[in-house]
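Commentary on secondary and tertiary structure
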Amino acid sequence: MCMMLWAGRPTLLRTVALNKNHPQFLTLRVLAEDKFALFDDAMLVDLLYCFVRLEVDSHDPLIQQLVSEAWKRLDKLPMTSLSKFSVCLNDQGMFDTRLLGRIANIVHQNLSSIDNGRILSTFLNTVSNLVSPRLRDALISKVDHLLDETDWPQVSNARRVMQFLRTTKCTDRALLEKCNRIIICKIPTMDVDHICMIMAMFRSLHSLDFKLAVKQRLTEEIDSSTDPPAFTKLFMSLAPIASPEIRDRLESTAYILADEFEAWQVIDIAETLQEIQSRNFILIKKIASVIQRNLDGYRPVDVCRVTKAFLMLHYCDQELFTKLTNIMFRFLQRSFLPREVTMLTSMLSMLPCPRLQEGVISRLNAVVSQCHFKDLLAITFVVAKWMHNDPSYHHHSTTSEYVRLLQTLSCRCLESLQTADRLNLLLEDLKYVSGEWFDEMILEETIATMHRMIDQINWKNLPEMSYFLLRTHWLCPPLMDRIASVAIKDIDKIHPSAIPNILRPFSMLNYDHEGADGLFDTCIKRIIPHISSLDPEVLVMLASTLAVANYFPEELVKHIFKIDFLGKLDTNLEILTDTRSTLIRQRLMQLNRAVCLQCPEFQVPWIHDRYCRATQGQGKASRSSVKQQIHTMLAEVLGGIDYVRTAVVTHYFYTLNFEFILDKHLKPLPYSKPGFLQTSDEGKIHWSRNSLENIRKELPPGAQRVCIDFLASGRFCKNSQHMKAEPLIRKRHFEILGYRVVQIPHFEWNSMELSTPDARKEYLKKKIFLSASP
């Protein structure tokens, strides 16, 4: 009987695995229970695979018997059966067991003999939680070799590779490119479910070419995706990259289907609305009502997802947020999982809760000793925020509770830093950390820890290391020099798209050590041969970063300002998030301005006049008290309010803090006569649209135009008075525009030496008149 059934095992198992009610299912089960010890290795694993696919419970005695028998034969299993066995273990939730650890070891020992893409990509998925850095690198190298040497047409294999890279937090850009190319070729023939699954899992890992192809393919499927499950997948994948017109269609359909969505589907819809920054408040209100009906069935992570989505959507519903707050407090009071407590606490801190409820601090105290460094930082940020916002903070008992908890957290964070020995893990934990408490209490110790592990800086973690230094505005010459030396040494291993991130701290923090010059030259040589293959926004960010450091590679600059390049950039910007798109447009404008001012021989036209007029004044706060103070004193020093102008908009749309004119005898000239200045409705001063030569001619003979540039604390590195690049660029460009630039650093203006009005006036006189004397 056994052999008769097994003669046609492939077809039989495929059929049975699709239907638990198949008439042969019970026969197979009885056969497996009685004869499993007699089965050959492949037959044993195939049976286990069949029952796992039928979702037989992992505690079922049959499953346990089959797993145990396969374990005994582990070293003899062929690679095909071993990969299938590892899938079974994963499907049964055995992600980090000793058994999978043994499989990972067998894979490592036999890696050179694996030449089947499906088998290798399966192992990538199943052992990803257990691989060491050494095995991870070996697996990636093997996959890269197979992609180059063999025909690897299956999308599922490429998808598993990308999933492995995401799980192991490894950004191998060259390998991602190859996987993207495989998937892009198959998009026209892929079904919508498969496309949406890939988009949902790997959105941040895909190239813009992939997203453009997906956008076109999914747009064709809008009319046929009308049932709630299919539409939810389509909405999640297409809405973030769709045009405004397509988004409107999707939102209209979402409103119609809202009451039919399952509890988990409506959360996905809400998060997508948050991602696209939807302002369709009728739809948002409808989705909120559906979610409110399902609140009691949500897990802690679901409630946090809902809360974050509606907060980011600026949805105002006091009743909903009160319910969410109460539910999260209930979850928090009975949770003992550090990651869950951290998640709930962080989300509660975003809500308008005036203070922590009774018992929350004790719950935090209970889990602190179990928390990883990343969770400690998150909890500390939340407690510091609550302490600052709590109206009862000055009450002694409340203050002592907060302070004791913060002291405990600070000690635990410092202990974690002192014992840290893996730079990559530390960089991962620090990826999204910020806040005053971190800057004041932990940042310096963090830099010291990184300096201790300086030998672990390699070409693979250069982008993350550079990003951390840039984000914290901390200038550390030893770390910067190490980054530069590693990048120069291993430049051929670094993917061109990673170069802008590596260069940015050197550029923005104005690090001009001799090693920096070699780094910029080396990176420029590396990237020039690849400019036609890189995404347009990568090139814009690179050229902008180089321009800040006063590098203008002619081939790169002229390539960016070609009409076809700008057209492609516009197309790509449509599928980026609004925040990212705005950033790229701003960087392109800044690059255009720098090239026009510093490289007129390139003959690049100024194409951002309309853009600057449209964005002028957006996001600008009112003048600070310090600038108002300087304005008043400048008027007194120069002879009256008519002698100084504020918020002057120059040619190329720079905004000056203050401007005035001195004649050839250094005597201030008033602005009382009409002429070369035009006043806007907002009270700002605009230069007329003349050439720079004509603007200079409008001054009386021998006169000079002077601008005052106040340098706030943000214009300097956090750990020193080292000036960042931005004020230096402004000074360079203002001088090209015909100004003499007087810079006033905040630490001079706010010093004890200038604590009186008379001292400050004398300071301004020296800056203005003595520095201008021959």
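That block above? That's the structure.
Residue indices follow the written sequence of each chain, beginning from 1 at its first position. Selection of residues for local features in this predicted model requires a pLDDT of at least 70, selection of side-chain atom pairs for listing and counting requires 80 or more, and totals for whole chains, interfaces and linings are taken over all residues. No hydrogens and no water enter the side-chain calculation; it runs on all heavy atoms of the structure.

**Some details on the packing of helix 33 (residues 578–598) against helix 37 (residues 725–736)**
Here is the rule we go by: Structural elements are reduced to axes, namely lines fitted to C-alpha atoms, with helices fitted over the stretch in contact, and the angle between N-to-C directions of any two is expressed from 0 to 180 degrees. Secondary structure follows DSSP: runs of H or I at least 4 residues long count as helices, runs of E at least 2 residues long count as strands, and numbering of each begins at the N terminus. Orientation is classified from the angle alone, with under 35 degrees giving roughly parallel, over 145 giving roughly antiparallel, 65 to 115 giving roughly perpendicular, and any other angle giving oblique. We call a crossing left-handed when the near helix sits turned anticlockwise from the far one by less than a right angle, and right-handed when that turn is clockwise. The contact criterion used throughout is that any non-hydrogen atoms of two residues lie within 4.5 Å. Each residue receives one of three labels: charged for Asp, Glu, Lys and Arg, nonpolar for Ala, Val, Leu, Ile, Met, Phe, Trp, Tyr, Cys and Pro, and polar for the others, Gly being one of them.
In contact at an axis separation of 10 Å, helix 33 and helix 37 are set at 45 degrees when each is read in the N-to-C sense. It follows that helix 33 is oblique to helix 37 by the angle criterion. By crossing handedness, the relation of helix 33 to helix 37 is classed as left-handed. Side by side, helix 33 and helix 37 meet where Ala 594, Leu 597 and Gln 598 of the first sit next to Arg 732, His 733 and Ile 736 of the second. The class makeup of the residues in the contact of helix 33 with helix 37 is three nonpolar, two polar and one charged.

**Quick word on the environment of Leu 89**
Checked against the element boundaries, Leu 89 lands in helix 6 (residues 79–91). For the pair formed by Leu 89 and Thr 126, sequence separation is 37 residues and the distance between their alpha carbons is 8.2 Å. Once you skip the residues sitting within four places of it in the chain, Leu 89 turns out to touch Val 67, Met 94, Leu 99, Leu 100 and Ile 103.

**Comments concerning the packing of aromatic side chains**
Quick reminder of the rule: Between 30 and 60 degrees the pair is tilted, below 30 it is stacked and above 60 it is edge-to-face, where a pair is any two Phe, Tyr or Trp rings, Trp via its six-membered ring, whose centres lie within 6.5 Å. Relative accessibility decides the category of a residue: with a 1.4 Å probe and only protein chains considered, values under 20% of the type maximum give buried, values over 50% give exposed, and everything between is partly exposed. Sitting over a ring, as applied to charges here, requires NZ of Lys or CZ of Arg to be within 6 Å of the ring centre and within 35 degrees of the ring normal.
This structure, assessed with the given rule, holds 10 aromatic pairs. Plain terms: the ring middles of Phe 231 and Phe 235 are 5.7 Å apart, the flat faces sit at 35 degrees to each other, and that makes the pair tilted. Taken as a pair, Phe 231 and Phe 235 lie in helix 14 (residues 228–238) at a separation of four residues, close to a single helical turn. Judged on exposure class, the residue Phe 231 and its partner Phe 235 are both buried. Of note, Arg 363 hangs over the ring of Phe 336, and the distance from its end group to the ring centre comes to 4.4 Å. Its end group placed over the ring of Tyr 739, Arg 705 keeps NZ or CZ at 5.6 Å from the ring centre.

**Notes on a nonpolar patch on the surface**
Rules: Without a salt bridge and with relative accessible area above 30%, a residue can belong to a patch; like charges are then joined within 9 Å and nonpolar side chains (Val, Leu, Ile, Met, Phe, Trp, Tyr) within 5 Å. Using the Shrake-Rupley algorithm and a 1.4 Å probe, accessible areas are obtained, with residue cover drawn only from the displayed protein chains. Should a side-chain nitrogen of Lys or Arg be within 4 Å of a carboxyl oxygen of Asp or Glu, the pair is scored as a salt bridge.
There is a patch of nonpolar side chains on the surface, built from Tyr 255, Ile 256 and Ile 282 and spanning about 350 Å² of accessible area. Checked against the element boundaries, Ile 282 lands in helix 17 (residues 281–294). Note on Ile 282: relative accessible area 61%, which makes it exposed.

**Notes on the nonpolar core**
To keep things clear, this is the line we draw: Residues belong to a common nonpolar core when they are buried Ala, Val, Leu, Ile, Met, Phe, Trp, Tyr or Cys residues joined through side-chain atoms within 4.5 Å.
Counting residues in each nonpolar core, the largest one holds 206 residues, and the members touching the most others are Phe 85, Ile 103, Ile 287 and Phe 310. In this view, Phe 85 contacts Val 45, Leu 48, Val 67, Ala 70, Trp 71, Leu 74, Leu 77, Leu 99 and Ile 103; residues no more than four positions away in its chain are not counted. If you look at the next biggest cluster of nonpolar residues, it comprises 23 residues, including Phe 658, Leu 662, Tyr 763 and Ile 768.

**Observations concerning helix 6**
Rules: Take the number of residues in a helix, subtract one, and multiply by 1.5 Å to get its expected span.
Taking 1.5 Å of rise per residue, the 13 residues of helix 6 would be expected to cover 18 Å, and the 18 Å separating its terminal C-alpha atoms lies within 8% of that figure. The element helix 6 is largely enclosed, with a buried count of 10 among its 13 residues. Of all the positions in helix 6, only Met 79, Ser 81, Leu 82, Ser 83, Phe 85, Ser 86, Val 87, Cys 88, Leu 89 and Asn 90 are classed as buried. Contact partners of the buried residues in helix 6: helix 4 (41–53), helix 5 (61–72), helix 7 (98–109) and helix 8 (117–126). Just downstream of helix 6 lies Gly 93, where phi reads positive at about 80 degrees.

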